[in-house]
Amino acid sequence: MTDAPSSPLMPQSGVIDGKVHRYPLRVFYEDTDAGGVVYHANYLRWFERARSDLLDVLGIDQRASLEAGTGLYTVAEANLRYLSPARLGDTIIIETWAESTGRVASVLRQVALRGDVRLCEAAVKVAFISPEGRPRRQPEAWQQAFATLEPIAAPAPEGPE
């Protein structure tokens, strides 16, 4: 018998590294089909989990916002591209960054990686809605938080047109 931990266990969390949020996870048996390959719908679940963690890391409290009657994010569009299979026991990193941030919606890009291997890519449009389900302007602080994850646009090439 072992001693109880001195502090309560906490769920894992991702980190923001520059303009990218990185969220780690491990492929468990429940994530796979009979052949030990990750079932395609699980990438969507993993991307959702990483986006929820991203909000926490950015200090965005959706639950408090919903309880206050302000609103919450919902997925308006999702486009996934499957590139290579993940397998039982793999360690996966979900990377998330903002492609664009608007007054009501933001487009987030996500990729599932096993080391340097891209397994699945996604473009996900999240919209801010009222508790009644109507589009609503994102809180300014939330827009600014997402904007910190937007890539810096490359300057236009110089030279003759």
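Residues numbered from 1 in each chain as written. Predicted model: local features only at pLDDT ≥ 70, side-chain atom pairs only at ≥ 80, totals over all residues. Heavy atoms only, no water.

**Student:** Can you walk me through the environment of Thr96 in this structure?
**Tutor:** In this structure, Thr96 sits in strand S4 (residues 91–101). The buried category is assigned to Thr96, whose relative accessible area is 0%. Separated by 15 residues in sequence, Thr96 and Val111 have C-alpha atoms that sit 6.8 Å apart. Setting aside residues no more than four positions away along its own chain, Thr96 makes contact with Lys19, Val20, His21, Ala50, Leu54, Leu108, Arg109 and Gln110. A distance of 2.9 Å separates the side chain of Thr96 from the side chain of Gln110, its partner in a polar contact. (Helix = DSSP H or I, 4+ residues; strand = E, 2+ residues; numbered from the N terminus. Buried < 20%, exposed > 50% of the residue type's maximum accessible area, 1.4 Å probe, protein only. Contact = heavy atoms within 4.5 Å. Polar contact = N/O pair within 3.5 Å; in protein donor to acceptor, adjacent residues only side chain to side chain.)

**Student:** Help me out: how do you make sense of the pattern of salt bridges in this one?
**Tutor:** Per the stated rule, a full pass over the model turns up ten salt bridges. Where Arg81 meets Glu121, a salt bridge forms, and the shortest distance between an N and an O atom there is 3.5 Å. On the criterion of sequence distance, the pair formed by Arg81 in strand S3 (residues 72–82) and Glu121 in strand S6 (residues 117–129) is long-range, its members being 40 residues apart. Here Arg81 falls in the exposed class, since its relative accessible area comes to 52%. Residue class for Glu121 comes out buried when judged on its relative accessible area of 18%. Beyond isolated ion pairs, a larger network of salt bridges with shared partners links Asp17, Arg22 and Glu95. (Salt bridge = Lys/Arg side-chain N within 4 Å of Asp/Glu carboxyl O.)

**Student:** What should I look at first to understand the sheet that holds S3 in this one?
**Tutor:** Hydrogen bonds along the backbone pair up the strands of a sheet, which may run parallel or antiparallel. On the basis of which strands lie adjacent, the open sheet formed by six strands has the order S1-S2-S4-S5-S6-S3 and antiparallel pairing. Each edge of the sheet is formed by a strand with only one pairing partner; in this case those strands are strand S1 (15–17) and S3. Averaged over all pairs of adjacent strands, the angle between their axes in this sheet comes to 30 degrees, without regard to strand direction. Pairing geometry for strand S5 (residues 105–114) and S6, over ten bridges, is antiparallel. Each bridged residue has a counterpart across the sheet, and for Leu108 the counterpart in S6 is Val124. Packing against the sheet, helix H3 (residues 140–147) makes contact with S3, S4, S5 and S6, and its axis sits at approximately 120 degrees to S4. (Pairing = 2+ DSSP bridges. Axes fitted to C-alpha atoms, helices over the stretch in contact; angles between N-to-C directions.)

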